[in-house]
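# Working through the structure, step by step
Single-letter residue listing:
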2 protein chains.
Amino acid sequence: MMELTRKGEYAIRGIIYLAQQPPGRVSLISEIAAAAEVPQTFLAKIFQSFAKLGLVTSSRGTGGGFVLARPASAITLREVVEAVEGPILPNRCLLGSACDRGGPCRVHAVWKQVQTEVVHILDGVTIDTLARNP
Amino acid sequence: MMELTRKGEYAIRGIIYLAQQPPGRVSLISEIAAAAEVPQTFLAKIFQSFAKLGLVTSSRGTGGGFVLARPASAITLREVVEAVEGPILPNRCLLGSACDRGGPCRVHAVWKQVQTEVVHILDGVTIDTLARNP
DNA sequence: TATAAAGGGGATCAAATTGGTCCTAAAGGT
DNA sequence: ACCTTTAGGACCAATTTGATCCCCTTTATA
């Protein structure tokens, strides 16, 4: 239960690689894909999401590629994961207010607590931290 | 991300209904399914899992049905969820020791922490508590 | 000892999601 | 012009999810 998908896995590996490059250094998607051992076309889609959300900046043409849009210490694991997997949401009922057939369900508060805790943990981890890891 | 499936949702609804019955009272799967508003054949499968894991006891034939195998206060939400969704496992890498291409991945400790927290929350909630909820 | 009333278990199936490819367009450098 | 590189959409196969169906076994009781 609650498993990260390949997409999430790849997203993390890819952005960690970017974070390990010298600041300002532009990386090609082909380079990132090779280093992170991820299918290139798939990773390209992932980085499109990153770009749209402002986690990375992209440039086209010769000399183009991807760079972090912010210092790695200002990008959280939560942002990266949510960029490709959508919001942390242990149960659909956390979206609307009425989840059960009439009124909030009996487990509502528990899922809310799970959500809060997970978000808190992932918010506390930056890509910088992960990139510097042993 | 991390969404509970219908199966998990149904499992919880079904066992809460059982917990709300007078102690010892046998409930038919048809009765539970109607009350919980869950497809009966699907719920039957779910309760088979419960029975195999010893959360409920089942009896066949006339007068048969399902009863909680333990007091509702001794059944945790975690047991119910894991019975049908498998173990709480934010990342595959939490199974083996080496997750990344050689050695544990950089995010390993984070997923471990998420797992521990979620397990802790769900372990702290009993079916009894849910059944008595407003 | 039939027979009806349950649950057990396997096979099967459609729909949704996941994981991934391909192609064409657009943008930028030479 | 022409090459390089990302953008975006269409498309596709495999897997998972969400069921349904059918036949078997167990059990009470008429």
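Note: the structure precedes this text.
So, here is what we can say about the structure in this document. Keep in mind that what you see is a predicted model, and the values were worked out from it rather than measured. Every chain is numbered independently, its residues counted from 1 as its sequence is written. Chain A is the first chain written and ligand 1 is the first ligand written, with later ones labelled in order. Two thresholds apply to this predicted model, a pLDDT of at least 70 for residue-level local features and 80 or more for giving and counting side-chain atom pairs, whereas whole-chain, interface and lining totals are computed over all residues. As a rule here, side-chain values cover all heavy atoms of the structure and leave hydrogens and water aside.

### Overview of the protein's contact with DNA strand C
- We call a residue near a molecule or strand as soon as one heavy atom of that residue lies within 4 Å of the molecule or strand. As a structural note, the neighbourhood of DNA strand C is formed by 26 residues, with A:Thr5, A:Tyr10, A:Arg60, B:Lys45 and B:Ser58 the closest of them.
- Sugar plus phosphate, as a fraction of atoms of DNA strand C within 4 Å of the protein: 65%.
- The term polar contact refers here to a pair of N or O atoms within 3.5 Å; inside protein, the definition further demands a hydrogen-donor-capable atom paired with an acceptor-capable atom, and it admits residues adjacent in sequence only when both atoms are side-chain atoms. Between a base oxygen of DNA strand C and a side-chain N or O atom of B:Lys45, the distance comes to 2.4 Å.
- Interatomic distance of 3.2 Å between a side-chain N/O atom of B:Gln48 and a base nitrogen of DNA strand C.

### Quick word on the interface of chain A and chain B
- Here a residue-residue contact requires only that any non-hydrogen atoms of the pair lie within 4.5 Å. Contact residues are listed per partner, giving 42 residues for chain A and 42 residues for chain B.
- Here a salt bridge means any side-chain nitrogen of Lys or Arg lying within 4 Å of a carboxyl oxygen belonging to Asp or Glu. Linking chain A with chain B are zero salt bridges, by the criterion used here.
- Where chain A touches chain B, the interface holds 18 residue pairs in polar contact (both at pLDDT 80 or more).
- If you list the elements that add at least two residues to the side of chain A that touches chain B, you get helix 1 (6-20), helix 2 (29-36), helix 4 (77-85), helix 5 (108-123) and helix 6 (127-132) of chain A.
- The element best represented in the side of chain A that touches chain B is helix 5 of chain A, accounting for eight residues. Under the DSSP-based scheme used, a helix requires at least four consecutive residues in state H or I and a strand at least two consecutive residues in state E, with every element numbered from the N terminus.

### A word on the pairing of strand 1 (residues 56-59) of chain B
Residue and element names in this part refer to chain B.
- Here strand 1 runs beside strand 2 (residues 65-68); their pairing, made up of four bridges, is antiparallel. By the bridge assignment, valine 56 is partnered in strand 2 with leucine 68.
- In this analysis, strands are considered paired if DSSP registers two or more bridges between them. Taking the residues between adjacent antiparallel strands as the criterion, strand 1 and strand 2 are bridged by five residues, where glycine 61 takes a positive phi near 80°.

### Re the nonpolar core
- Within the largest apolar cluster, 96 residues are counted, with the highest numbers of intra-cluster contacts made by A:Phe47, A:Phe50, A:Trp111, B:Phe47, B:Phe50 and B:Trp111.
- Not counting chain neighbours up to four residues away, the residues in contact with A:Phe47 comprise A:Gly14, A:Ile15, A:Leu18, A:Ile29, A:Ile32, A:Val56 and A:Phe66. In this description, a nonpolar core means a group of buried Ala, Val, Leu, Ile, Met, Phe, Trp, Tyr and Cys residues linked to one another through side-chain atoms lying within 4.5 Å. Burial classification: accessible surface area is computed with a 1.4 Å probe over protein chains only, and a residue below 20% of its type maximum counts as buried, one above 50% as exposed, and the rest as partly exposed.

### A look at helix 2 (residues 29-36) of chain B
All names here are of chain B.
- All of the buried residues in helix 2 are Ile29, Ile32, Ala33 and Ala36. Taken down its axis, helix 2 places every buried residue within 100° of arc, on the same side.
- The secondary structure elements touched by the buried residues of helix 2 are helix 1 (6-19), helix 3 (40-52) and strand 2.
- Immediately beyond the C-terminal end of helix 2, within one or two residues, lies glutamate 37, with a positive phi of roughly 55°. The directions from the helix axis to the C-beta atoms form the arc being described.

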